[in-house]
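Listed below, chain by chain, are the residues.
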Amino acid sequence: MTVPIDVPAALIVLVSCAVAYVVHRHTRETSTTVPKTGDLGIAIGAGLAALTALSFLFGISADRDNGHPSQLPAVSVTGPPASGTGEATGP
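Residues numbered from 1 in each chain as written. Predicted model: local features only at pLDDT ≥ 70, side-chain atom pairs only at ≥ 80, totals over all residues. Heavy atoms only, no water.

What follows concerns the overall build of the chain. A tally of helices and strands in the chain yields two helices and zero strands. Counting only residues that meet the buried cut, the chain has 10% of its 91 residues in that class. Counted over contacts in the chain with a minimum sequence separation of 6, partners at least 24 positions apart contribute 52%. Accessible surface for the chain amounts to roughly 7,800 Å². Of this, 67% is attributable to carbon and sulfur atoms. (Helix = DSSP H or I, 4+ residues; strand = E, 2+ residues; numbered from the N terminus. Buried < 20%, exposed > 50% of the residue type's maximum accessible area, 1.4 Å probe, protein only. Contact = heavy atoms within 4.5 Å. Areas by Shrake-Rupley, 256 points an atom, 1.4 Å probe, with all protein chains shown as cover.)

Here you go:
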């Protein structure tokens, strides 16, 4: 089974991974411990924050048509209109 991954979505994930890597390198370089260690928790948090922000800014909507048929069945109304349509009914 193949799962199609859109290029913009893949770029968003790659940019967030790059942000996490840069933050980890920065925390390792500014570390004051004798064996320099980076803060993995802050790096993952920064990557997730970047992923969230980029998804909101450049995210891909789920309504797009990829050439696949819609998963929801078509709805057809064959009866009289509902009573709350705003039409005047009465004497």
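Right, let's get into helix α1 (residues 7-29). The end-to-end C-alpha distance of α1 is 33 Å, a good match for the 33 Å that 23 residues give at a rise of 1.5 Å each. Listed as buried for α1 are I12, S16, A20 and T27. Considering only its buried residues, α1 is in contact with α2 (40-58). (Expected span 1.5 Å × (residues − 1).)

Between α1 and α2, the least distance of the axes is 8 Å, while the angle of their chain directions is 150°. When the interaxial angle is binned, α1 and α2 end up roughly antiparallel. At the point where α1 passes α2, the crossing takes the right-handed sense. On α2, the residues that touch I12, V13, V15, S16, V19, A20, V23 and H24 of α1 are L40, I42, A43, A46, G47, A50, L51, L54, S55 and F58. Broken down by class, the residue content of the contact of α1 with α2 amounts to 14 nonpolar, four polar and no charged. (Axes fitted to C-alpha atoms, helices over the stretch in contact; angles between N-to-C directions. Parallel < 35°, antiparallel > 145°, perpendicular 65-115°, else oblique. Left-handed = near helix turned anticlockwise from the far one by under 90°. Nonpolar A, V, L, I, M, F, W, Y, C, P; charged D, E, K, R; others polar.)

On to the environment of I44. In this structure, I44 sits in helix α2. Its relative accessible area of 48% is what places I44 among the partly exposed residues. With 27 residues separating them in the primary sequence, I44 and C17 have C-alpha atoms 8.6 Å apart.

This next bit is on the side chain of T27. By the element assignment, T27 lies in helix α1. On the basis of relative accessible area, T27 is assigned to the buried category, the value being 16%. A polar contact of 2.9 Å, which involves the side chain of T27, links it to the backbone oxygen of H24. Excluding its chain neighbours within four sequence positions, the residues that come into contact with T27 are T37, G38 and D39. (Polar contact = N/O pair within 3.5 Å; in protein donor to acceptor, adjacent residues only side chain to side chain.)

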